[in-house]
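# A closer look at the structure
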Amino acid sequence: MLLPGSTLGVLGGGQLGRMFCMAARNMGYRTVVLDPDSNSPAAEVADRQIIADYTDETALIEMAELCDAITIEFENVPAESLHFLAARKPVHPSAEAVALARHRIQEKDYAKQAGLTPAAYSLVGRPSDFDAAVAVTGFPAILKTTTLGYDGKGQQVVDDLTQLEEAFKELGQVECVLERKMDLAVEISVLLARNSQGEVACYPPAENEHRNSILHQSIVPARVNSDLAEKAKAQAICLAGALQYVGIMAVEFFITTEGQLVFNEMAPRPHNSGHYTMDAAVTTQFEQQVRVMCGLPPGSARLMSPVVMINLLGNLWPVDWAKCLSNPALKLHLYGKSEARQGRKMGHFNLLADNVDVAITAADQIFQKISLLSR
Ligand SMILES: Nc1ncnc2c1ncn2[C@@H]1O[C@H](COP(=O)(O)OP(=O)(O)O)[C@@H](O)[C@H]1O
Ligand SMILES: [Mg+2]
């Protein structure tokens, strides 16, 4: 067990790394961030930063020497770097789990084996795969690059073969997965923390609304029937167990208009839809990340209040902060990014209320009026 006073390292210095460092510091741990950017959000709050590429051996050796355990904040850390570190210090989650989550086909294959149900899918590596893939998925379908996609990037909806050909070209003729486009009633995510003893804390599902393929808001608890909510939690726990997963992870599901629960993808790290835990759950997702990487029991995942989390993207800037903070039930989190670009995640707020409907209305009212651009 690693106790307060130990040093924890994180690969990646974005907002997730920043909030991890803040949680770790609150709990009395020291933190080290590795990121190529000297100006990263996490570097601002870490005890120490190493500015280097993720494959830089000297930097990785320094990281391993400084830290008692190491984690990640994004899944595209090269697997070799994780293996290199894991040979020297505990790394959670494992390189294997991270590699799986990085690859859409391996991830779906694995989830299927563990008893979850992805949308019908098929590999598309070259044009000669089109017909066989379409025979599996039908149209409409979505073509996604097997790796490196995020926030809707690296994917296109296709309605016929011509569109499929075009999309494959536009995505750079890299290995892709074609999957059936489902009719969605709602999207949910299940966040859980699991330690090496197999102890699990699983949060109630969050209901996620995307705008322009970027998460706009998460509503917790999700407005889905309790059978589906329990089923989603059980499936997420089952997937984590099959992987012998150690860390915090989020599993995204679709609920179709026909009421089917469909596995979408997993994230081997804290998740944007879990930011509500910072104010509305007994234990935040970042504290969980600290706890489980240290071999401690996960903290309680009990929800203390209904909550709505809204992402604050660069598009909103400049923002009327006085107006934003005029609501006494609003909790603001900004990531310390100086430049507000379109679509860039700058921060979020959590709005707490006695029931979700009140929270949804109040959060939306604030969101509608805080951008000084809309005047
Ligand atoms: N098979 C599908 N059917 C319907 N909608 C989908 C499907 N796959 C993805 N989407 C939509 O696109 C969004 C982004 O897809 P996702 O696979 O989660 O990629 P990302 O890595 O960008 O989060 C989903 O949240 C969902 O709204
Ligand atoms: Mg997703």
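Preceding block: the structure.
Residues numbered from 1 in each chain as written. Chains lettered and ligands numbered in written order. Predicted model: local features only at pLDDT ≥ 70, side-chain atom pairs only at ≥ 80, totals over all residues. Heavy atoms only, no water.

Helix and strand counts for the chain stand at 12 helices and 17 strands. Relative to the 2.2 N^0.38 estimate, which gives 21 Å for 375 residues, the radius of gyration of the chain is 20 Å and therefore close to what a compact globule would have. Dimensions of the chain, computed from the C-alpha atoms along their principal axes, are close to 55 × 50 × 40 Å. Counting all 375 residues of the chain, 56% fall into the buried class. Look at the contacts in the chain between residues 6 or more apart in sequence, and 61% of them connect residues 24 or more apart. A total of about 15,600 Å² of accessible surface is found on the chain, and carbon and sulfur atoms cover 48% of it. Looking at charge distribution, the chain has the averaged site of its 32 positive side-chain charges lying 5 Å from that of its 43 negative ones. (Helix = DSSP H or I, 4+ residues; strand = E, 2+ residues; numbered from the N terminus. Rg over C-alpha atoms; globule rule 2.2 N^0.38 Å. Buried < 20%, exposed > 50% of the residue type's maximum accessible area, 1.4 Å probe, protein only. Contact = heavy atoms within 4.5 Å. Areas by Shrake-Rupley, 256 points an atom, 1.4 Å probe, with all protein chains shown as cover. Lys, Arg positive; Asp, Glu negative; His and termini not counted. Charge placed at Lys NZ, Arg CZ, Asp CG, Glu CD.)

To continue, consider the sheet that holds strand 7 (residues 155-158). Across the sheet, which stays open at both edges, the four strands sit in the order 5-8-6-7 with antiparallel pairing between neighbours. Every other strand in the sheet has two partners, leaving strand 5 (121-124) and strand 7 as the edge strands with one partner each. Strand after strand, the sheet turns through a mean of 25° between neighbouring axes, direction not considered. Strand direction decides the pairing type here: strand 6 (residues 141-145) and strand 8 (residues 176-180), joined by five bridges, are antiparallel. Pairing of Leu143 across the sheet is with Leu178, part of strand 8. (Pairing = 2+ DSSP bridges. Axes fitted to C-alpha atoms, helices over the stretch in contact; angles between N-to-C directions.)

The next point concerns the side chain of Asn272. In this structure, Asn272 sits in the loop between strand 14 (261-267) and helix 9 (277-280). Of the polar contacts made by the side chain of Asn272, one reaches the side chain of Asn311; its length is 2.7 Å. (Polar contact = N/O pair within 3.5 Å; in protein donor to acceptor, adjacent residues only side chain to side chain.)

As a structural note, the neighbourhood of ligand 1 is formed by 19 residues, with Lys144, Gly152, Glu187, Asn264 and Glu265 the closest of them. Within the backbone of Gly152, a nitrogen or oxygen atom sits 2.5 Å from an oxygen atom of ligand 1. The separation between an oxygen atom of ligand 1 and a polar side-chain atom of Asn264 is 2.8 Å. In the complex, the protein chains occlude 88% of the 540 Å² of accessible area that ligand 1 would expose alone. Counting only elements with at least two residues in the shell around ligand 1, the list comes to strand 6, strand 8, strand 9 (184-194), strand 13 (247-256) and strand 14. (Near = heavy atom within 4 Å.)

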